[in-house]
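Working through the structure, step by step
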Amino acid sequence: GEKGKNARGHLIVVEGLDRSGKTTQCHMLCEDIGGLDKEFKYIKFPDRTTATGQMINAYLQGNAEQSDQAIHLLFSANRWEAVQGILNDLRAGHTVVVDRYAFSGTVYSAAKDNPSMSLEWCWNPDIGLPKPDLVLFLDISSEDAAKRGGYGEERYEKQEMQAKVRALFKHLFSRLNDLNVKTINAGLPLQEVADQIWQAYKNLDEAGPLTEDLQVLS
Ligand code: Z5A
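Residues numbered from 1 in each chain as written. Predicted model: local features only at pLDDT ≥ 70, side-chain atom pairs only at ≥ 80, totals over all residues.

- In the annotation of an unreviewed UniProt entry, the protein is listed under the name Thymidylate kinase and assigned to Knufia fluminis.
- The record held by UniProt for the protein lists under Pathway (unreviewed entry) the comment "Pyrimidine metabolism; dTTP biosynthesis."
- Database annotation for the protein, UniProt heading Sequence similarities (unreviewed entry): "Belongs to the thymidylate kinase family." (UniProt positions renumbered as here; feature names shortened; annotations may be inferred.)

Put into structure tokens, the structure is as follows:
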């Protein structure tokens, strides 16, 4: 996978429940990509450093209230404000590794069972975001996830909510059939999960340089 002159970088998204190991695996993947002498960028959503991110952080920590709709749109805005930077990196040929994305955005909100927020309603604000070349879905049961350090501190960190989120992730991915989703058993030991992620990355990379422009979520 030598990258050609006009090749854009890959957009890789890592999704999954809380404690599924997303952040750990993103860092391991980035380290290995760097080991190939390739440029990479790591982005985590929500980005809690921006103005919208600070509002989201206050909400997640229970220090601020928001309507279900308002917080949903803030999470989406938090991604939209990062789009230009992501596109710039991809066009410069850098691999962009994203820790949570529109899929989390949709399923965590839909799991609230607010009758005015269908799955479609939740998906809509993210339509038009750059479409990932690969989504790695770190699948783990809420019981196994709870064994890792435990839930409790933030909003949504409850086993019942997590179980709903897991079912909704599977439902959403089954409906997005033009998306390249690789489901990985995240209950396995760290290195075994990393090996499977690396294999998926290599398959993508070895398919050759990307010269076509990026698609968007629809
Ligand atoms: N949310 C939303 O509602 N809408 C949105 O649009 C977005 C997010 C983007 C905060 O997200 C909340 O926002 C989240 C979804 C919602 N709510 N919940 N629940 P966040 O991404 O900021 O959440 P976080 O709390 O920072 O990350 P995380 O999901 O909890 O963790 P993780 O990245 O998946 O896992 P980790 O930090 O890599 O690992 C967790 C622990 O497990 C750690 O001790 C590891 O050493 C251990 N670990 C990891 N892998 C393994 C394996 N394989 N074996 C054993 N132990 C392991």
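1. Regarding the sheet that holds strand S2 (residues 40-44)
- Sheet architecture is open: five strands sit in the order S2-S3-S1-S4-S5, paired in parallel fashion. The open sheet terminates on both sides in strands that have one partner only, identified here as S2 and strand S5 (181-185). Along the sheet, successive strands turn relative to each other by an average axial angle of 20°, direction set aside.
- In this structure, strand S1 (residues 11-16) lies alongside strand S3 (residues 95-99), joined through four bridges in parallel fashion. Bridging from a neighbouring strand, Ile12 pairs with Val97 of S3. (Pairing = 2+ DSSP bridges. Helix = DSSP H or I, 4+ residues; strand = E, 2+ residues; numbered from the N terminus. Axes fitted to C-alpha atoms, helices over the stretch in contact; angles between N-to-C directions.)

2. Some thoughts on helix H9 (residues 190-206)
- The terminal C-alpha atoms of H9 lie 24 Å apart, and with 17 residues this matches the ideal 24 Å at 1.5 Å per residue to within 8%.
- Buried residues in H9 make contact with S1, helix H1 (22-35), strand S4 (134-139) and S5.
- Immediately downstream of H9, the backbone of Gly208 shows phi near 105°, a positive value. (Expected span 1.5 Å × (residues − 1). Contact = placed C-beta atoms within 7 Å.)

3. Quick notes on the site of the ligand
- Every one of the 23 residues lining the ligand counts as a neighbour, but Gly21, Thr23, Thr24, Gly105 and Tyr108 are closest to it.
- Within the shell around the ligand, the residues separate by chemical class into nine nonpolar, eight polar and six charged. (Near = placed C-beta within 6 Å. Nonpolar A, V, L, I, M, F, W, Y, C, P; charged D, E, K, R; others polar.)

4. Observations regarding the nonpolar core
- Core analysis: the largest hydrophobic core is formed by 41 residues, its most contacted members being Ile12, Val97, Val98, Val107 and Leu136.
- Not counting the four nearest positions on each side in its chain, Ile12 is found in contact with Thr95, Val96, Val97, Val98, Pro132, Asp133, Leu134, Leu136 and Tyr201. (Core = buried A, V, L, I, M, F, W, Y, C linked by C-beta atoms within 7 Å. Buried ≥ 20, exposed ≤ 12 C-beta atoms within 10 Å, placed from the backbone.)

5. Digging into the pairing of S3
- For S3, a buried count of five out of five residues is recorded, marking the element as mostly surrounded by other parts of the structure.
- Burial along S3 is two-sided: the face carrying Thr95, Val97 and Asp99 and the face carrying Val96 and Val98 are both buried.
- In the sheet, S2 pairs with S3 via five bridges, with the strands oriented parallel. Note on S3: the bridge partner recorded for Phe40 is Thr95.

6. A word on the pairing of S4
- Burial analysis of S4 places five of its six residues in the buried class, which makes it a mostly covered element.
- Sheet topology note: the S1/S4 ladder contains five bridges and is parallel. The partner of Val13 across the bridge, within S4, is Val135.
- Bridge count between S4 and S5: five bridges; the pairing is parallel. Of the residues in S5, the one forming a bridge with Leu136 is Lys182.

7. Some thoughts on the environment of Cys26
- When you line up the elements, Cys26 lands in helix H1.
- C-alpha of Cys26 to C-alpha of Ala194: the two residues are 168 residues apart in sequence and 9.1 Å apart in space.

8. A word on the packing of helix H3 (residues 68-80) against helix H5 (residues 102-110)
- Contact pair H3 / H5: the axes reach a minimum separation of 10 Å and the direction vectors enclose 175°. Judged on the interaxial angle alone, H5 and H3 are roughly antiparallel. For the pair H3 and H5, contact is made by Asp68, His72, Phe75, Ser76 and Arg79 and by Ala102, Gly105 and Ser109, respectively. (Parallel < 35°, antiparallel > 145°, perpendicular 65-115°, else oblique.)

9. What about the environment of Val96?
- Looking at the element boundaries, Val96 is found in strand S3.
- Residues Val96 and Asn114, 18 residues apart in the sequence, show an inter-C-alpha distance of 33 Å.
- When neighbours within four sequence positions are excluded, Val96 is seen to be in contact with Gly9, Leu11, Ile12, Lys41, Ile43, Ile86, Asp89 and Leu90.

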